Amino acid sequence: MSGAPARGSVVMRVDGRDVVATPGISVAAALLAAGIVVLRRSPAGDTPRGAFCLMGVCQECTVLIEGRAERACMIAVRDGIAVSLRGPHAE
């Protein structure tokens, strides 16, 4: 991130780096808006996974949010939220 976030923005931490987002949108939408499309890797086959249904049904967007496995499309972004794209099956 360069400089301060725009007024009305929040900053989330994604794998240790700052990502500016619009308050109230889902973590998945914020990641996509930031150009982050691979949200995790499949535990069976190590294939890339990203947001798919964006309504909480498929679980493809499951990442670690504040240390817990969560569907990124179901969690609203907020200032300082910590997200890990290693996924819930990472060591």
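Here, the structure is the one placed above.
What you are looking at is a predicted structure, and each value in this text was computed from that prediction instead of being measured.

### Comments concerning the sheet that holds strand β7 (residues 82–84)
Then, in step 1: One open sheet accounts for five strands, arranged β2-β1-β7-β5-β6; its pairing is mixed. For this open sheet the edge positions go to β2 (17–21) and β6 (68–71), each flanked by a neighbour on one side alone. Ignoring strand direction, the axes of neighbouring strands in this sheet form an average angle of 40°.

### Some words on the pattern of salt bridges
Then, in step 1: Scanning all chains against the criterion turns up five salt bridges.
Then, in step 2: Residue Asp 18 pairs with Arg 13 through a salt bridge whose shortest N-O separation is 2.6 Å.
Then, in step 3: The class of Arg 13 is partly exposed, set by a relative accessible area of 36%.
Then, in step 4: Salt-bridge contacts for Arg 40 lead to Glu 60; the nearest nitrogen and oxygen are separated by 3.9 Å. With Arg 40 in strand β3 (residues 40–41) and Glu 60 in the loop between β4 (48–49) and β5 (62–65), this pair connects stretches of sequence that are 20 residues apart.
Then, in step 5: Residues joined by salt bridges that share partners form a network here, namely Arg 40, Arg 49 and Glu 60.

### Things to note about empty space enclosed by the protein
Then, in step 1: One pass over the structure, following the stated rule, counts one cavity of 30 Å³ or more.
Then, in step 2: In this structure, the largest cavity occupies an estimated 40 Å³ of space.
Then, in step 3: If you trace the largest cavity, you find it lined by Ala 51, Phe 52, Cys 53, Leu 54, Gly 56, Cys 58, Gln 59, Glu 60, Cys 61, Arg 71 and Cys 73.

### With respect to the nonpolar core
Then, in step 1: Among the nonpolar cores identified, the biggest contains 20 residues, and Met 12, Val 14, Val 27, Leu 31, Val 83 and Leu 85 are the most heavily contacted of them.
Then, in step 2: Listing elements by their share of this core, those giving two or more residues are β1 (10–14), β2, α1 (27–33) and β5.
Then, in step 3: Discounting chain neighbours no more than four positions away, the residues touching Val 83 are Met 12, Arg 13, Val 14, Asp 15, Val 27, Val 63, Leu 64 and Ile 65.

### Concerning a nonpolar patch on the surface
Then, in step 1: Together, Leu 32, Val 37, Val 38 and Leu 54 make up an exposed nonpolar region whose accessible area comes to about 320 Å².
Then, in step 2: One can find Val 38 in the loop between α1 and β3.
Then, in step 3: Note on Val 38: relative accessible area 40%, which makes it partly exposed.

### Looking at the side chain of Arg 40
Then, in step 1: The exposure class of Arg 40 is buried, given its relative accessible area of 9%.
Then, in step 2: Among the polar contacts listed, one links the side chain of Arg 40 to the backbone oxygen of Glu 60, at a separation of 3.0 Å.

### Notes on the pairing of β5
Then, in step 1: Residues Thr 62 and Leu 64 of β5 are buried on one face, and the alternating residues Val 63 and Ile 65, pointing to the opposite face, are buried as well.
Then, in step 2: Across four bridges, the pairing between β5 and β6 is antiparallel. Following the sheet pairing, Val 63 is matched in β6 by Glu 70.
Then, in step 3: Here β5 folds back onto β6 in antiparallel fashion, the turn holding two residues, of which Glu 66 has a positive phi close to 55°.
Then, in step 4: Across two bridges, the pairing between β5 and β7 is antiparallel. Bridging from a neighbouring strand, Ile 65 pairs with Val 83 of β7.

Calculation criteria
- In every chain, residue numbers begin from 1 and rise along the written sequence.
- Given that the model is predicted, a residue must reach a pLDDT of at least 70 before its local features are reported, and side-chain atom pairs must reach 80 or more before they are shown or counted; all residues, however, enter totals for whole chains, interfaces and linings.
- Hydrogen atoms and water are omitted, and side-chain values are computed over all heavy atoms in the structure.
- In short, DSSP must find at least two bridges between two strands for them to pair.
- For the purposes of this entry, the term helix denotes a DSSP run of H or I that reaches at least four residues, the term strand denotes a run of E that reaches at least two, and both are numbered from the N terminus.
- Axis definition: a line fitted to C-alpha atoms, over the contacting stretch in the case of helices. Angles run 0 to 180 degrees between N-to-C directions.
- Definition used for salt bridges: Asp or Glu carboxyl oxygen within 4 Å of a side-chain nitrogen of Lys or Arg.
- The buried label goes to any residue with under 20% of its type's maximum accessible area, the exposed label to any with over 50%, and the partly exposed label to all in between, with areas taken from a 1.4 Å probe on protein chains only.
- Buried and open spaces are told apart on a 1 Å grid over the protein atoms alone, a cavity being a set of points where a 1.4 Å probe fits but cannot get out and a pocket being an open set with protein on both sides within 12 Å along at least five of seven lines. Residues with an atom within 4 Å of a point are the lining residues.
- Grid points are joined across faces, edges and corners, and a volume is the space filled by probe spheres set on the points.
- In these notes, a set of buried Ala, Val, Leu, Ile, Met, Phe, Trp, Tyr and Cys residues joined through side-chain atoms within 4.5 Å is what counts as a nonpolar core.
- By definition in these notes, contact holds between two residues if any of their heavy atoms fall within 4.5 Å.
- Grouping into patches uses exposed residues only, defined as over 30% relative accessible area, and leaves out salt-bridged ones; the cut-off is 9 Å for like charges and 5 Å for nonpolar side chains (Val, Leu, Ile, Met, Phe, Trp, Tyr).
- Accessible surface area values rest on a Shrake-Rupley calculation with a 1.4 Å probe, where residue burial reflects the displayed protein chains alone.
- Whenever a nitrogen or oxygen atom comes within 3.5 Å of another N or O atom, the pair is scored as a polar contact, on the condition that within protein one atom can donate a hydrogen and the other can accept it, and that pairs from neighbouring residues in sequence are kept only if both atoms are in side chains.

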